[in-house]
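# Observations on the three-dimensional arrangement
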Amino acid sequence: MTFRTAAEIGRTERGPRPLPELGEQRSATGLESVDTVLDNGLRVIAVHQPTVPMAEVRLRIPFAGTDRRHAAVAEVLAATILTGTQRRDRVAMDTDIALVGGELGAGVDPERLAIGGNALASGLDTLLDVLADALTGAAYRDEEVEGERARLVERIAVARSQPSVIAREALQRHRYGDHPFTRETPEAADVATVTVDEVRAMHRASVLPRGSVLVFVGDVAPDTVIAKIGTALAGWSAQASAVELPDLPDVAGGDVLFVPRPGAVQSQLRLSAQAIPRSDPRYPALQLANLAYGGFFSSRLVENIREDKGYTYHARSSLEFTVRGATLLVDADTASEVTAPALLEMRYELGRLGVVPPSAEEVDTVRQYAIGSLLISTASQTGLASQLAALAPLGLGADWLVEHPDRLAQVTAEQIAQAAREFFSPTRFTGVVVGDAAQFAALRSLGGVVE
């Protein structure tokens, strides 16, 4: 048997085989949806997407707190809210969900307690019953809390030794000081002292429907879903509202903070600047400008410090969203000896994006990438549910997702150039570099780096 390489397959006697034209990119249209608020204050977004006979559910509960121990207690709560109720022990909860082909999981961050999962569409009643049972009757049995707490202590102790976590914490403190948003990973010592009574008290005070959002996507008619959710969650009620995170201060441009990590063989570079939320009319242009700078593999930043100079394996820029704002984040991990050159090139590409705006070819590439990525991410029930859950706290819904490909298609090259000048000026950025102390002298010579 004769085998041909990819290069051989891609050529003919007349030369390279031409690539086929890209097919037409079609956004989801005609999504049947209902967006309503139940009597208990819970906002429900139900979307009918019958691609497969499944039901996806995403619940987002504002879960902010200013107490220093809030993050530790919240982590234990998220780890144990689905480990048993007054009606079901852990095995019964897992079995009931498994029998309808589903799963449920929970997680928490400084903004939200998130509970999500799925099941066969025919098992929606069971999925909602188990969810309601956890929300209204989570037992937090001593043995479950103690076991999950011990596992959390081990995981957090390992996580807090990781360079990426150290860099993230340093960046958060540098950007936001002592704001509760910075407490993304609690101290293992704090988690170790969390009591069952603290977890139960937090559930009573903070697991509240008013101000929360539940997203459903699946093969069930929206009106039917709303009725089922209303019945299942009728017992979940409270007069108080879930607690939103206080507004974050804007990120001001300024010096980059050097954080010494003795003996480090790699450095973590993190730059950040204030951005705009998805609801801002300038957002589509900013999204495309970010892609051109460092938002995907063929971006300028990746071409420079990965492909051309080999300073890093990983480099990217992205937009981070909170309920009321957004920031730009540029990150790369480099070998210690090229820390300063890598920072120089990151700043260089920031300035070049404004001075030499994306070419027509770059604009076409990032536009196709942005539209294609969005369509792929929302083609499945899982992806659509997750996207809607992220948008809902901003007051946005299915219509925004359906219309966004058109917004991206209509952005002009001049609008992208304007976004590059407005948002990517090097003076707008601050950040941190975490690395061995021996690198500071070279960094200081660049200017704008302080200890």
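Residues numbered from 1 in each chain as written. Predicted model: local features only at pLDDT ≥ 70, side-chain atom pairs only at ≥ 80, totals over all residues. Heavy atoms only, no water.

### Focus on the overall build of the chain
Scanning the chain from N- to C-terminus turns up 17 helices and 14 strands. Taken against the 2.2 N^0.38 rule, which gives 22 Å for 451 residues, the C-alpha radius of gyration of the chain at 24 Å falls within 12% of a compact globule. With the C-alpha coordinates aligned to their principal axes, the bounding extent of the chain is approximately 65 × 55 × 55 Å. For the chain, with 451 residues in total, the buried portion stands at 49%. Counting only contacts in the chain whose residues sit at least 6 apart along the sequence, the fraction spanning at least 24 positions is 80%. Just so you have it, the chain exposes about 20600 Å², and 52% of that area is on carbon and sulfur atoms. (Helix = DSSP H or I, 4+ residues; strand = E, 2+ residues; numbered from the N terminus. Rg over C-alpha atoms; globule rule 2.2 N^0.38 Å. Buried < 20%, exposed > 50% of the residue type's maximum accessible area, 1.4 Å probe, protein only. Contact = heavy atoms within 4.5 Å. Areas by Shrake-Rupley, 256 points an atom, 1.4 Å probe, with all protein chains shown as cover.)

### Some details on the sheet that holds strand 9 (residues 256-260)
Hydrogen bonds between backbone groups are what pair the strands of a sheet, and the pairing can be parallel or antiparallel. Strand order in this open sheet of 6 strands is 11-12-10-13-9-14, and the pairing throughout is mixed. Of all the strands in the sheet, the pair left with one neighbour each is strand 11 (315-321) and strand 14 (449-450). Summarising the sheet, strand 10 (residues 266-274) and strand 12 (residues 326-335) pair through 9 bridges and their orientation is antiparallel. Bridge pairing links S272 to L329 in strand 12. The sheet strands contacting helix 11 (residues 300-308) are strand 11 and strand 12, and the helix crosses strand 11 at an angle near 140°. Seen against the sheet, helix 12 (residues 339-355) touches strand 9, strand 10, strand 12, strand 13 (430-435) and strand 14 and runs at an angle of roughly 25° to strand 10. (Pairing = 2+ DSSP bridges. Axes fitted to C-alpha atoms, helices over the stretch in contact; angles between N-to-C directions.)

### Description of the sheet that holds strand 8 (residues 213-218)
In space, the 6 strands of this open sheet follow the order 3-4-8-5-7-6, with mixed pairing throughout. Of all strands in the sheet, those with a lone pairing partner are strand 3 (32-37) and strand 6 (103-108), marking the two edges. Sheet twist, expressed as the average angle between the axes of neighbouring strands with direction ignored, equals 10°. Note that strand 3 and strand 4 (residues 43-48) share 6 bridges and pair antiparallel. Residue pairing for strand 4: E32 is matched across the bridge by H48.

### Section: the packing of helix 3 (residues 90-98) against helix 4 (residues 124-137)
Contact geometry for helix 3 and helix 4: axes closest at 9 Å, N-to-C directions at 155°. Between helix 3 and helix 4, the angle falls in the class roughly antiparallel. Crossing handedness for the pair helix 3 and helix 4: left-handed. From helix 3, M93, D96 and I97 reach across to helix 4, where they touch T126, L127, V130 and A134. Grouping the amino acids of the contact of helix 3 with helix 4 by side-chain chemistry returns 5 nonpolar, 1 polar and 1 charged. (Parallel < 35°, antiparallel > 145°, perpendicular 65-115°, else oblique. Left-handed = near helix turned anticlockwise from the far one by under 90°. Nonpolar A, V, L, I, M, F, W, Y, C, P; charged D, E, K, R; others polar.)

### Here we look at unusual backbone geometry
In the Ramachandran plot, Y140 falls in the positive-phi region, its phi being about 50° despite a non-glycine side chain. Note on placement: Y140 falls in the loop between helix 4 and helix 5 (142-159). Judged by relative accessible area, which is 1%, Y140 ranks as buried.

### A few points about the pairing of strand 9
Across 5 bridges, strand 9 lies against strand 13 in parallel orientation. Each bridged residue has a counterpart across the sheet, and for V259 the counterpart in strand 13 is V434. Bridge count for strand 9 against strand 14 is 2 bridges, and the pairing is parallel. Among the inter-strand pairings, V256 is bridged to a residue of strand 14, identified as V449.

### Thoughts on the nonpolar core
Ranked by internal contacts, the top residues of the largest apolar core, which has 65 residues, are M346 and F424. Counting residues per element, this core draws most heavily on helix 10 (residues 283-295), which supplies 8 residues. Excluding residues within four positions of it along the chain, F424 makes contact with L286, A289, N290, Y293, L328, L350, G351, L353, A419 and F429. In this structure, L38, L42, I156 and V207 belong to the second largest nonpolar core, which totals 55 residues. (Core = buried A, V, L, I, M, F, W, Y, C linked by side-chain atoms within 4.5 Å.)

### A closer look at helix 4
At 3.6 residues per turn, the α-helix brings residues three or four places apart onto the same side. Spanning 14 residues, helix 4 covers 19 Å between terminal C-alpha atoms, matching the ideal 20 Å at 1.5 Å per step. With respect to burial, helix 4 is a largely interior element, 10 of its 14 residues being buried. The complete set of buried residues in helix 4 reads L124, L127, L128, V130, L131, A132, D133, A134, L135 and G137. (Expected span 1.5 Å × (residues − 1).)

### Regarding the UniProt feature "domain: Peptidase M16 C-terminal" (unreviewed entry) in the chain
Those places that UniProt annotates as "domain: Peptidase M16 C-terminal" (unreviewed entry) correspond, in this numbering, to residues 194-368. End-to-end, the C-alpha atoms of residues 194-368 are 49 Å apart, and along that stretch the chain is 40% helix and 21% strand. (UniProt positions renumbered as here; feature names shortened; annotations may be inferred.)

### Digging into the pattern of salt bridges
Considering all chains together, one arrives at 32 salt bridges under this definition. The salt bridge partner of D129 is R87, with a shortest N-O separation of 3.1 Å. Note that D129 is positioned in helix 4 and R87 in the loop between helix 2 (70-80) and helix 3, a separation of 42 residues in sequence. Of the residues examined, R87 reaches a relative accessible area of 55% and is grouped as exposed. (Salt bridge = Lys/Arg side-chain N within 4 Å of Asp/Glu carboxyl O.)

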